[in-house]
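The chain contents come next:
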Amino acid sequence: MLQNFITALDWFGLCVFSVTGALVASRKQMDIVGFALLGSVTGIGGGTIRDVLLGIQPIFWIKQPAYLLTCVIVACATFLFAHILQYRYRYLLWLDAIGLALFAVTGAGNALAHGAGSTISVAMGVATATFGGIIRDILGGESPIILRQEIYITAALIGATVFVGLMEVGASQDIAVALGFISALALRFAGLHWGLTLPRYQPKAGVQQD
Amino acid sequence: MLQNFITALDWFGLCVFSVTGALVASRKQMDIVGFALLGSVTGIGGGTIRDVLLGIQPIFWIKQPAYLLTCVIVACATFLFAHILQYRYRYLLWLDAIGLALFAVTGAGNALAHGAGSTISVAMGVATATFGGIIRDILGGESPIILRQEIYITAALIGATVFVGLMEVGASQDIAVALGFISALALRFAGLHWGLTLPRYQPKAGVQQD
Amino acid sequence: MLQNFITALDWFGLCVFSVTGALVASRKQMDIVGFALLGSVTGIGGGTIRDVLLGIQPIFWIKQPAYLLTCVIVACATFLFAHILQYRYRYLLWLDAIGLALFAVTGAGNALAHGAGSTISVAMGVATATFGGIIRDILGGESPIILRQEIYITAALIGATVFVGLMEVGASQDIAVALGFISALALRFAGLHWGLTLPRYQPKAGVQQD
């Protein structure tokens, strides 16, 4: 039941991330096959790492190839229509935020549904939400999102923590999913809109950095 | 039977890719241990990812360490004889193409032999053929092959698709392997020889890219 | 029994590597969550790859989340106290060497304890000791340690080989662990102190490198 609900939300996050992967491909002026590869890796990468770490076999997209096919179709569509999206690249960061918030919750939910404890479930939520984008950036030759001075991983961490915490105290899963998703999304949006960041590490003056 | 045939071809692709990994090490002027690491990662990397994703345990080179030892030996030999190879670096791109075509077919064949469906088998062919080189480029600090304006992933995709398609329609495996291999190799060679590429994504004039 | 002994040593190596990961985060001026992520990936990354490759489920830190929590705590502590460490960055390379030597032996020991043969156990020792740092450098946007002109992988290889070799000839595990650890540490220290390196590959004059 939780699994079904989580699965439904997973689909949207997958499509959103596929678009962001395809957009990176567009910025590298790849061909349509490059779009398909980068879109797929971004869309299913985080969940794949989650399943491999948890030892879930078969991996979700091998069990249901429709996940992979969806990524490919979305990425190819982006190849044709990326012009429109590019004009709205900033809006896409907001779209990516939705995928981040969704995967933080669904990743943690999948872990819980497979019997993982609280700590591991939160970690899996963060991994599912962030590793797809990290792989996308590394393969696409972009500076990894985790190096940008933005609230990103933090949003996934908060969202997964809120969701798992509420599930642990026996809240209904609808409430847990909703609040987890909203808290992650709100935090990421705040980061994007107001440039909100956590205090960064500040080296002391005159400290040699290398 | 398919497995045996596939396994035989795997060995040659493994050696070819080990050489390309060692060559990257030579360009970074690594020591012989660096050659062994980069050669091994390139030679067995793609198949390792395939086995991990498919949940095949033990992984092929853990089941038969001879695969790993072969990579190490080939890489160490390259350390000693890379001078000769360097003069022929362009020829090596053609050698790499042979490995790409072989792994596209053998990767898909391994997936089929383990009961994967058509979509997943094609995906595994592409992953086996390309991920070894991708890991090599990332570890070696080279621009990933997938970012270069060449037909590369596409060749693996076509080769794996032809092979799987022919197997699905009941062609003899010899025919399927031969035609899959030839189609991938021909496409990659055409890309190398005539600089043939698929149409790349072209941003509209005046579109901001970042 | 071997497992218990190995496990104990694993903890120290884990903490040391977490600090090195957090230090990279400090050089990128990440926030505390970035410290936690990079510290954790560095601390548990090598062992995770080892467990995934060997098909060990559940993975050590999923079985015992205390491993993950320790990495997070150590990384967060580094966020607060990195100033002190930075002044001693060179000493930290020596600390990293201790982690390298520990993981080379414990990684190989874990593989042996799970029934792997000599070749694979040595390979797992090298993977456990080096991949955490490699992932750290890639995610942190640093030049991978394997590209630096230092004895690093070699030290792990020697340490794992000495340990596995002694175990194979029936030496007591205490002796094997001690000599494996010391040989790896001594070699890495020699590399750091005297700039000792293996002969690097030297391209012939006038050979085109690309």
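One structure accompanies this document, and this report is about it. (Residues numbered from 1 in each chain as written. Chains lettered and ligands numbered in written order. Predicted model: local features only at pLDDT ≥ 70, side-chain atom pairs only at ≥ 80, totals over all residues. Heavy atoms only, no water.)

1. Notes on unusual backbone geometry
And then number 1: Following Gln57 of chain B, the chain continues into Pro58 of chain B via a peptide bond in cis, with omega recorded as -5°.
And then number 2: Checked against the element boundaries, Pro58 of chain B lands in the loop between helix H2 (32-54) and helix H3 (60-63).
And then number 3: At Gln29 of chain A, a position not held by glycine, the phi torsion is positive, near 50°.
And then number 4: On the secondary structure map, Gln29 of chain A appears in the loop between helix H1 (2-27) and helix H2 (32-54). (Helix = DSSP H or I, 4+ residues; strand = E, 2+ residues; numbered from the N terminus.)

2. Re the interface of chain B and chain C
And then number 1: With 30 residues of chain B at the interface, the matching set in chain C holds 30 residues.
And then number 2: A combined buried area of about 2700 Å² lies between chain B and chain C, and 68% of that area is made up of carbon and sulfur atoms.
And then number 3: Our count for the contact surface shared by chain B and chain C stands at 0 salt bridges.
And then number 4: If you look at where chain B meets chain C, you find 1 residue pair in polar contact (both at pLDDT 80 or more).
And then number 5: Looking at the side of chain B that touches chain C, the elements with two or more residues in it are helix H1 (2-27), H2, H3, helix H4 (66-87), helix H5 (89-113) and helix H6 (118-139) of chain B.
And then number 6: Among the elements that line the side of chain B that touches chain C, the one with the most residues is H4 of chain B, at 7 residues.
And then number 7: Counted by class, the side of chain B that touches chain C contains 18 nonpolar, 8 polar and 4 charged residues. (Contact = heavy atoms within 4.5 Å. Buried area = accessible area lost by both parts, 1.4 Å probe. Salt bridge = Lys/Arg side-chain N within 4 Å of Asp/Glu carboxyl O. Polar contact = N/O pair within 3.5 Å; in protein donor to acceptor, adjacent residues only side chain to side chain. Nonpolar A, V, L, I, M, F, W, Y, C, P; charged D, E, K, R; others polar.)

3. Comments concerning the interface of chain A and chain B
And then number 1: Counting from both sides, the interface comprises 29 residues of chain A and, opposite them, 29 residues of chain B.
And then number 2: In total, chain A and chain B occlude about 2700 Å² of area from one another, counting both sides; carbon and sulfur atoms represent 68% of this.
And then number 3: Counting across the interface, chain A meets chain B through 0 salt bridges.
And then number 4: For the pair chain A and chain B, the number of links is 1 residue pair in polar contact (both at pLDDT 80 or more).
And then number 5: Mapped by element, the contributors of at least two residues to the side of chain A that touches chain B are H1, H2, helix H3 (60-63), helix H4 (66-86) and helix H6 (118-139) of chain A.

4. What about the side chain of Asp31 of chain C?
And then number 1: Within the secondary structure, Asp31 of chain C sits in the loop between helix H1 (2-27) and helix H2 (32-54).
And then number 2: A distance of 2.9 Å separates a polar atom in the side chain of Asp31 of chain C from the backbone nitrogen of Gly34 of chain C.
And then number 3: In this structure, Asp31 of chain C is in contact with Glu150, Thr154, Leu198, Pro199 and Arg200 of chain A together with Phe79 of chain C, ignoring residues within four places of it in sequence.

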